[in-house]
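Here is how the chains run, residue by residue.
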Amino acid sequence: CALTGFELTPETVTIAHKIPLKKGGKHIRSNVYLVHESVAKLVRDHSADEVLAICKAVLSYTAKENMNG
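The sections below set out a description of the structure shown in this document.

**Comments concerning the overall build of the protein chain**
- Looking only at helices and strands, the protein chain has two helices and two strands in total.
- Overall size of the protein chain, expressed as C-alpha extent along the three principal axes, is 45 × 30 × 15 Å.
- Counting only contacts in the protein chain whose residues sit at least 6 apart along the sequence, the fraction spanning at least 24 positions is 43%.
- Summed over its atoms, the accessible surface of the protein chain is roughly 5300 Å², and 59% of this surface lies on carbon and sulfur atoms.
- Distance from the positive charge centre (9 side chains) to the negative charge centre (7 side chains) of the protein chain: 9 Å.

**Topic: helix H1 (residues 37-45)**
- Burial in H1 covers these residues: Val-39, Ala-40 and Val-43. Projected onto a plane normal to the axis of H1, the buried residues spread over an arc of 125 degrees and lie on a single side. Those residues of H1 that are exposed and aimed more than 90 degrees away from the buried face are Lys-41 and Arg-44.
- Taken together, the buried residues of H1 touch strand S1 (13-17), strand S2 (32-36) and helix H2 (48-68).

**Regarding the pattern of salt bridges**
- Per the counting criterion, the structure on display carries two salt bridges.
- Its salt-bridge partner being Asp-45, residue Lys-22 comes within 2.9 Å of it at the nearest N-O pair. You can see Lys-22 sitting in the loop between S1 and S2 and its partner Asp-45 sitting in helix H1, a full 23 residues away along the chain.
- For Lys-22, a relative accessible area of 68% gives the class exposed.
- Ionic pairing is found between Lys-23 and Glu-50, a salt bridge with its closest N-O pair at 3.1 Å. A residue pair is termed long-range when its members are at least 10 positions apart, and Lys-23 in the loop between S1 and S2 and Glu-50 in helix H2 qualify at 27 residues.
- Classification of Lys-23 by relative accessible area gives partly exposed; the value is 44%.

Definitions and limits used
Residues numbered from 1 in each chain as written. Predicted model: local features only at pLDDT ≥ 70, side-chain atom pairs only at ≥ 80, totals over all residues. Heavy atoms only, no water. Helix = DSSP H or I, 4+ residues; strand = E, 2+ residues; numbered from the N terminus. Contact = heavy atoms within 4.5 Å. Areas by Shrake-Rupley, 256 points an atom, 1.4 Å probe, with all protein chains shown as cover. Lys, Arg positive; Asp, Glu negative; His and termini not counted. Charge placed at Lys NZ, Arg CZ, Asp CG, Glu CD. Buried < 20%, exposed > 50% of the residue type's maximum accessible area, 1.4 Å probe, protein only. Arc of directions from axis to C-beta. Salt bridge = Lys/Arg side-chain N within 4 Å of Asp/Glu carboxyl O.

Quick look at the structure:
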């Protein structure tokens, strides 16, 4: 997977847009990559940078929660 490094198989691979169509991305070869199906919905609406920011927020929040209890 271009975002997670997960192994891709015919059962788990999907094509996603690097710049989502909702954000002005185009249906062109340079704007697509192969991703694991588990992240396909996330990248449908968010760029890779936005996904990274979401992941960082989740990690930060859960680390704080784990320290508190």
